[in-house]
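Each chain, letter by letter, is given below.
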Amino acid sequence: AAVAGRQNGFKDKDNRKLAQLVARVYRETMERYAREPVLDVWYYHVEADRVQALFEEHSKKGAKSTQKMLKKARTKTREATLEKLTEVVDGRRQIINDPPLLVRLSGLLSEEQKPHISEEYVKKSWFDYISSLPEERRLLLSRFRPTDVALRVGGVGSVGTRCTILLLEGGAQEDAIILQQKEAGPSALEAYLPERDYANHAQRVVTAQQLMQAASDIFLGWHQSSLTETQYYWRQLKDMKGSVDVESLDETGLGTYLAVCGHCLARAHARTGDPAAIAGYLGKTEAFDRAISDFALAYADQTERDHQALVEAVDSGRILAQTGI
């Protein structure tokens, strides 16, 4: 909230209010969930039309941005993804080469590496992933076969991790989908919490998403590479996902959006934790809200210092970076 407010040119007194708003909505929503039946909390979800109505009521500028986001998200279908990321060459569909953001694996491997990435290796990875799914989804994906793989640069949260996309084709013409594999590493909290009984980090990530999200991707699964022991979680690529253009929002619009975020975060934590215990810890006063807003501004300061250090490292040549992508 604080970083977004600064990016939009808001004064820090207003950024503090935005951060405090998120914390207050989270706290009040958690208090409400603490009084509700467990199943009511589990089945509760935020509908896109209700979010749009909220923006219409509080921020006309924000309503336009949200409407644009929803319209764009509805175009991110399987067919649109295939049209954007694949092409037919000599009668065969393959992933488009678009370096440095998207590069087919066949063009990346050295002659020494190619024997190791055999058809058998790809099949084993595929079947290991399939085995992590519920039985009805194993049956569904058993009707597809992997035909191409590419390295894909992900977003900010995926920088420095391995991320690939896999083209799958069925038996009918134009019957294809694209799945994404993302590397999963240890949680930053792992050293400070009791050990949990998960086979690997990818399983932990998948389980957490399925617990927290109102509607998870049906293809969420995981596997571990038999060559590198790298752990990956899988999901469908671009299945109607969308996000609001935060930089286009005024203070009222950003506040409305952040309130929705605080509400959704509370719901996710109420599903995965004990809402009564969390609500009891947060209390009924604004002490928690003020503490979070203080931290948010301090963290925003550190974020700006980190980014400036990166810019200076790029300018000096100590770090190589490609800009304008």
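Residues numbered from 1 in each chain as written. Predicted model: local features only at pLDDT ≥ 70, side-chain atom pairs only at ≥ 80, totals over all residues. Heavy atoms only, no water.

Colleague: Any details on empty space enclosed by the protein? Residues and values, ideally.
Modeller: The final tally for this structure, using the stated rule, is 1 cavity of 30 Å³ or more. Taken as a whole, the largest cavity encloses approximately 30 Å³ of empty space. Elements represented by at least two residues in the lining of the largest cavity include exactly helix H6 (78–85) and strand E6 (176–183). Looking at side-chain class alone, the lining of the largest cavity contains 3 nonpolar, 2 polar and 1 charged residues. (1 Å grid on protein atoms, 1.4 Å probe; cavity = no way out; pocket = protein on both sides within 12 Å on 5 of 7 lines; lining within 4 Å. Points joined across faces, edges and corners; volume = space filled by probe spheres on them. Helix = DSSP H or I, 4+ residues; strand = E, 2+ residues; numbered from the N terminus. Nonpolar A, V, L, I, M, F, W, Y, C, P; charged D, E, K, R; others polar.)

Colleague: I'd like to hear about the side chain of Gln-236, residue by residue, with values.
Modeller: Mapping Gln-236 onto the fold places it in strand E8 (residues 231–236). We classify Gln-236 as buried; its relative accessible area is 15%. When residues no more than four places from it in sequence are discounted, the contact partners of Gln-236 are Arg-78, Ile-178, Leu-179, Asp-217, Phe-219 and Lys-241. (Buried < 20%, exposed > 50% of the residue type's maximum accessible area, 1.4 Å probe, protein only. Contact = heavy atoms within 4.5 Å.)

Colleague: Mind laying out the pairing of E8, listing which residues take part and the relevant values?
Modeller: Burial analysis of E8 places 5 of its 6 residues in the buried class, the great majority of the element. Judged from the 5 bridges that link them, E6 and E8 form a sheet pairing that is antiparallel. Its bridge partner being in E8, Glu-183 is matched across the sheet by Tyr-232. When strand E7 (residues 221–224) meets E8, the two strands line up antiparallel, connected through 4 bridges. By the bridge assignment for E8, Trp-222 is matched with Tyr-233. Remark: 6 residues form the turn of the hairpin made by E7 and E8, two consecutive strands paired antiparallel; Glu-229 in that turn has positive phi of roughly 65 degrees. (Pairing = 2+ DSSP bridges.)

Colleague: Describe the packing of helix H2 (residues 12–34) against helix H11 (residues 275–282), listing the residues and the values that go with them.
Modeller: When two helices pack together, their arrangement is given by the angle between the helix axes and by the axis-to-axis distance. Where H2 contacts H11, the two axes come as close as 8 Å, and the packing angle between them is 140 degrees. In terms of orientation, H2 lies oblique with respect to H11. The two elements H2 and H11 cross, and the hand of that crossing is left-handed. Here Tyr-26, Arg-27, Met-30, Glu-31, Tyr-33 and Ala-34 of H2 come into contact with H11, specifically with Pro-275, Ala-276, Ile-278, Ala-279 and Leu-282. Partitioning the contact of H2 with H11 into residue classes produces 9 nonpolar, no polar and 2 charged. (Axes fitted to C-alpha atoms, helices over the stretch in contact; angles between N-to-C directions. Parallel < 35°, antiparallel > 145°, perpendicular 65-115°, else oblique. Left-handed = near helix turned anticlockwise from the far one by under 90°.)

Colleague: Kindly report on the packing of aromatic side chains, identifying the contributing residues and their values.
Modeller: Counting across every chain of the model gives 6 aromatic pairs. Each ring, one from Tyr-33 and one from Tyr-44, has its centre 6.0 Å from the other, and the planes form 65 degrees; the classification is edge-to-face. Here Tyr-33, found in helix H2, pairs with Tyr-44, found in the loop between helix H3 (38–43) and helix H4 (48–58); they are 11 residues apart in sequence, far enough to count as distant. Each member of the pair, Tyr-33 as well as Tyr-44, is classed as buried. Ring geometry for Trp-126 versus Tyr-129: centroids 5.7 Å apart, planes at 50 degrees, classification tilted. Here Trp-126 pairs with Tyr-129, and both are found in helix H7 (residues 119–130), just 3 residues apart, close to one helical turn. A residue is classified by how much of its surface remains accessible, and Trp-126, at 5% relative accessible area, is buried. Here Tyr-129 falls in the buried class, since its relative accessible area comes to 0%. Among the aromatic side chains, those forming a connected cluster through ring pairs are Trp-126, Tyr-129 and Trp-234. Over the ring of Tyr-44 we find Arg-32; its NZ or CZ atom is 5.6 Å from the centre of that ring. (Phe/Tyr/Trp six-rings, centres within 6.5 Å; stacked < 30°, edge-to-face > 60°. Lys NZ or Arg CZ within 6 Å of the ring centre and 35° of its normal.)

Colleague: Account for the pattern of salt bridges, with residues named and values stated.
Modeller: Enumeration over the complete set of coordinates arrives at 17 salt bridges. Arg-16 is paired through a salt bridge with Asp-294; the nearest N and O atoms lie 2.4 Å apart. Taken as a pair, Arg-16 in helix H2 and Asp-294 in helix H12 (residues 287–316) lie far apart in primary sequence, 278 residues in all. Here Asp-128 ties to Lys-124 by a salt bridge, and the two come within 2.8 Å at their closest N and O atoms. Taken together, the residues Asp-128 and Lys-124, both in helix H7 and 4 residues apart, mark about one turn of the helix. Salt bridges linked by common partners bring Arg-6, Asp-12, Asp-301 and Glu-304 together as one network. (Salt bridge = Lys/Arg side-chain N within 4 Å of Asp/Glu carboxyl O.)

Colleague: So, the environment of Ser-106: which residues are in play, and what are the values?
Modeller: Inspection of the secondary structure assignment puts Ser-106 in the loop between strand E3 (102–104) and H7. You can call Ser-106 partly exposed: its relative accessible area is 44%. In the structure, Ser-106 is positioned 43 residues away from Val-149 in sequence and 7.9 Å away in space, judged by C-alpha atoms.

These figures capture arrangement, not role.
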